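# Coordinate inspection notes
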Amino acid sequence: MRSLIHLESQSAIVSPENQVTGITFTMTPSVQAEWSTLSERGFSTEDFADHIKSEFRKVNLYNDAPKTPNLTLMIELTDVRLRSTLQARNLGLATGVDYIKMNAFLRDASGNIVLNSYLKSPDLYYCPSKTTVLGIPVAGCGSKERAEFLYNFLAEELYAELVGKIKVENNKP
């Protein structure tokens with residue numbers, strides 16, 4: 001299941017000529033309140049940014065050392081749930097799912113927002129276990145591995161949206 005994406009622009013903004021040159025994270029107060037627990041479980045904005053950069057570098061859409069800044073990807077984490085490894089392994093999906101909900105914005109070099117979108121992880125995404133019996137998970141993987149699964153998924157979602165590779169809903173007034 002893919003997340004629903006709302007796009008306010010009519011066309012792709014990011015291209016090899018107009019690359020993303022920075023990624024900035026902010027958090028809502030509720031995410032900030034949980035930050036120490038999330039950090040202990042392996043959640044990291046640096047790792048998340050690295051996954052996004054890696055996805056964008058594959059097609060020359062990210063530049064670490066630009067001559068002039070182009071676009072900054074601004075990510076606001078609005079809700080993050082990352083169960084402990086113990087919860088995931090012992091209780092599985094009975095404790096719910098892991099997810100990242102966020103707002104994503106692209107700002108140009110002048111600070112103007114050129115794309116404003118909402119992305120969320122799928123409602124039923126979780127990191128499948130490494131051990132199964134008849135396809136049913138027996139033990140969950142570690143928190144860090146589940147976080148990386150979500151980073152990868154959302155990095156692909158961002159890439160697809162920014163280059164216009166998936167069908168999107170236009171919400172232009």
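Preceding this section is the structure that the text describes.
Structural notes, computed from the coordinates. (Residues numbered from 1 in each chain as written. Predicted model: local features only at pLDDT ≥ 70, side-chain atom pairs only at ≥ 80, totals over all residues. Heavy atoms only, no water.)

## Side note on unusual backbone geometry
Among all residues except glycine, the phi angle is most often negative; among peptide bonds, the trans geometry is most common. In this structure, Asn-60 is a non-glycine residue whose phi angle is positive, near 60°. On the secondary structure map, Asn-60 appears in the loop between helix H2 (45–57) and strand E3 (71–81). With relative accessibility at 42%, the residue Asn-60 sits in the partly exposed group. (Helix = DSSP H or I, 4+ residues; strand = E, 2+ residues; numbered from the N terminus. Buried < 20%, exposed > 50% of the residue type's maximum accessible area, 1.4 Å probe, protein only.)

## Here we look at the pattern of salt bridges
Counted under the stated rule, the structure contains three salt bridges. Notably, a salt bridge pairs Asp-47 with Lys-144, separated by 2.9 Å at the nearest N-O pair. In this pair, Asp-47 is assigned in helix H2 and Lys-144 in helix H4 (residues 143–162), connecting sequence segments 97 residues apart. Look at Lys-144 and you get partly exposed, because its relative accessible area is 38%. A salt bridge links Glu-55 to Lys-58, with the nearest nitrogen and oxygen atoms 3.3 Å apart. A relative accessible area of 61% means that Lys-58 is categorised as exposed. (Salt bridge = Lys/Arg side-chain N within 4 Å of Asp/Glu carboxyl O.)

## Some words on the side chain of Gln-19
Mapped onto the fold, Gln-19 is located in the loop between strand E1 (6–7) and strand E2 (20–27). Here the side chain of Gln-19 touches Asn-63 through a polar contact of 3.3 Å, side chain to side chain. Excluding residues that lie within four positions of it along the chain, Gln-19 makes contacts with Asn-60, Leu-61, Tyr-62, Asn-63, Asn-70 and Leu-71. (Polar contact = N/O pair within 3.5 Å; in protein donor to acceptor, adjacent residues only side chain to side chain. Contact = heavy atoms within 4.5 Å.)

## Notes on the pairing of E3
Put simply, side chains in a regular strand alternate between the two faces of the sheet. Here E2 runs beside E3; their pairing, made up of seven bridges, is parallel. Following the sheet pairing, Thr-24 is matched in E3 by Met-74. With nine bridges joining them, E3 and strand E4 (residues 99–107) adopt antiparallel strand pairing. When the bridges of E4 are listed, Leu-73 appears paired with Leu-106. (Pairing = 2+ DSSP bridges.)

## Let's talk about the packing of aromatic side chains
With the rule as written, the count across this model stands at four aromatic pairs. With a centroid separation of 5.5 Å and 40° between ring planes, the pair formed by Phe-25 and Phe-48 is classed as tilted. Highlighted residues: Phe-25 in strand E2 and Phe-48 in helix H2, separated in sequence by 23 residues. Phe-25 sits in the buried class, given a relative accessible area of 18%. Plain terms: the ring middles of Trp-35 and Phe-43 are 5.7 Å apart, the flat faces sit at 90° to each other, and that makes the pair edge-to-face. Through a chain of ring-to-ring contacts, three or more aromatic side chains come together here, namely Phe-25, Trp-35, Phe-43, Phe-48 and Tyr-151. (Phe/Tyr/Trp six-rings, centres within 6.5 Å; stacked < 30°, edge-to-face > 60°.)

## A look at the nonpolar core
Within the largest apolar cluster, 34 residues are counted, with the highest numbers of intra-cluster contacts made by Phe-43, Phe-48, Leu-77 and Ile-100. Where this core is concerned, the elements lending two or more residues are E2, helix H1 (29–40), H2, E3, E4 and H4. (Core = buried A, V, L, I, M, F, W, Y, C linked by side-chain atoms within 4.5 Å.)

## As for H4
Every α-helix winds through 3.6 residues per turn, so residues three or four apart in the chain are directed the same way. A rise of 1.5 Å per residue sets the reference length of H4, with its 20 residues, at 28 Å; its end C-alpha atoms lie 28 Å apart and thus fit the reference within 8%. The buried fraction of H4 is high, at 14 of 20 residues. (Expected span 1.5 Å × (residues − 1).)

## So, the packing of H2 against H4
The N-to-C vectors of H2 and H4 enclose an angle of 40°; their axes lie 9 Å apart at closest approach. Considering the angle they form, H2 stands oblique to H4. Considering the relative orientation of H2 and H4, their crossing is right-handed. Seen from H2, the contacting residues are Asp-47, Phe-48, His-51, Ile-52, Glu-55 and Phe-56; seen from H4, they are Lys-144, Glu-148, Tyr-151, Asn-152, Leu-154, Ala-155, Glu-156, Leu-158, Tyr-159 and Leu-162. (Axes fitted to C-alpha atoms, helices over the stretch in contact; angles between N-to-C directions. Parallel < 35°, antiparallel > 145°, perpendicular 65-115°, else oblique. Left-handed = near helix turned anticlockwise from the far one by under 90°.)

Scope: geometric values only; no functional claims are made or implied.
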